[in-house]
Amino acid sequence: MSGKYLVTGGAGYVGSVVAQHLLEAGHEVVVLDNLSTGFREGVPAGAAFVEGDIRDAADWLDPSYDAVLHFAAFSQVGESVRKPEKYWDNNVGGTMALLGAMRQADVRTLVFSSTAATYGEPAGTPITETDPTAPTSPYGASKLAVDHMITGEAAAHGLGAVSLRYFNVAGAYGTCGERHDPESHLIPLVLQVAQGRRESISVFGDDYPTPDGTCVRDYIHVADLAEAHLLALAAARSGEHLICNLGNGNGFSVREVVETARQVTGHPIPEVVARRRDGDPAVLVASAATAREKLGWKPSRTDLAGIVADAWDFVRDRG
């Protein structure tokens with residue numbers, strides 16, 4: 001059965017791919033984005049578009065909507081350290097206004113784009129939802145604050161909500177892919193070297209207790225991630241707030257990513273070893289057991305070469 005969904009931040013990377021998946025499933029989609037970090041051309045064909053801020057959602061959100069999928073957040077860890085007020089204002093204050101608009105319009109289902117940054121530096125891996133949350137940046141703290149906010153909203157006002165804590169999202173889907181400015185994610189940075197837009201890729205530390213000395217991360221294809229959001233809509237239950245990690249459960253080192261990119265692109269991709277970055281754990285890998293059990297979700301695009309190839313196709317198509 002088709003539904004009507006509001007996708008906040010739907011002109012951004014993950015939001016646009018989720019919007020596309022909703023359209024392909026036969027749903028009506030309205031994208032709300034102020035285009036501060038998103039791109040108008042990223043809104044998929046077939047979706048209605050409202051250029052505006054999440055604080056203004058009460059002006060037009062009404063009971064005809066079945067649910068809200070919320071991606072409208074600032075997400076640069078480094079910037080959040082320099083400008084924490086920006087992250088508290090938008091990520092927390094904006095979401096509080098959105099929850100109020102949903103309550104007023106009697107829209108009682110929410111899927112929230114959360115993050116593995118809520119865990120901070122974990123004591124071990126794989127990371128489960130019951131592990132301690134100790135974010136090391138205002139970005140991670142703002143997302144954790146929203147998770148707490150949603151838990152209270154569900155208990156007090158009957159909201160049915162699912163928070164999805166992403167690990168390293170990568171790849172592309174159709175015309176939607178990564179184009180952050182500034183770019184901070186490893187795979188698109190490596191591909192910029194392959195394109196000749198950067199001279200080399202920096203490897204921050206090669207003396208970690210990992211097989212090749214570089215950090216290990218869990219990469220999840222953005223299309224697998226999008227499919228989890230559709231399953232989350234079906235799993236949301238009134239008065240409950242479910243939290244699920246999303247990852248492959250497998251880790252790839254920085255050097256494995258660089259070498260895979262060399263093979264996919266056919267370019268040499270020089271690397272330069274730099275000192276470790278403060279707060280970079282050696283290994284971050286998710287346990288997605290809860291998502292398998294509660295959502296019926298299992299990633300299918302787990303091959304690193306395939307993830308990199310999809311991202312490479314996207315950046316080459318854009319020139």
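One structure accompanies this document, and this report is about it. (Residues numbered from 1 in each chain as written. Predicted model: local features only at pLDDT ≥ 70, side-chain atom pairs only at ≥ 80, totals over all residues. Heavy atoms only, no water.)

1. Quick word on the sheet that holds strand E2 (residues 28-33)
No. 1: Taken in spatial order, the seven strands make up an open sheet running E3-E2-E1-E4-E5-E6-E11, and their pairing is parallel. At either end of the open sheet lies a strand with only one pairing partner, and these are strand E3 (48-51) and strand E11 (241-246). Across this sheet, the average inter-strand angle for adjacent strands is 20°, counted without regard to direction.
No. 2: As paired elements, E2 and E3 share four bridges and run parallel to each other. When the sheet's bridge partners are listed, Asp33 is paired in E3 with Glu51.
No. 3: Contacting strand E1 (4-8), strand E4 (67-70) and strand E5 (109-115), helix H3 (residues 84-105) crosses the sheet at an angle of about 170° to E4. (Pairing = 2+ DSSP bridges. Helix = DSSP H or I, 4+ residues; strand = E, 2+ residues; numbered from the N terminus. Axes fitted to C-alpha atoms, helices over the stretch in contact; angles between N-to-C directions. Contact = heavy atoms within 4.5 Å.)

2. Side note on the packing of H3 against helix H4 (residues 138-157)
Packed helices, taken two at a time, are described by their axes: the angle between them and the distance between them.
No. 1: Remark: H3 packs on H4, axes separated minimally by 9 Å, with the N-to-C direction vectors making an angle of 20°. In terms of their interaxial angle, H3 and H4 are classed as roughly parallel. Handedness of the crossing formed by H3 with H4: right-handed. Contact with H3, carried on its side by Pro84, Tyr87, Trp88, Asn91, Val92, Thr95, Met96, Leu99 and Arg103, involves Pro138, Tyr139, Ala141, Ser142, Ala145, Val146, Met149, Glu153 and His157 of H4 and no other residues of that element. (Parallel < 35°, antiparallel > 145°, perpendicular 65-115°, else oblique. Left-handed = near helix turned anticlockwise from the far one by under 90°.)

3. Some points on unusual backbone geometry
No. 1: Following Thr125, the chain continues to Pro126 via a peptide bond in cis, the omega torsion being 0°.
No. 2: Tracing the chain through its elements places Pro126 in the loop between E5 and H4.
No. 3: In the Ramachandran plot, Asp106 falls in the positive-phi region, its phi being about 60° despite a non-glycine side chain.
No. 4: The class of Asp106 is exposed, set by a relative accessible area of 53%.
No. 5: Positive phi is not limited to glycine here, since Ile269 has a value of about 55°.
No. 6: Within the secondary structure, Ile269 sits in the loop between helix H7 (254-265) and strand E13 (271-274).
No. 7: Ile269 sits in the buried class, given a relative accessible area of 1%. (Buried < 20%, exposed > 50% of the residue type's maximum accessible area, 1.4 Å probe, protein only.)

That's the geometry; what it means functionally is another story.
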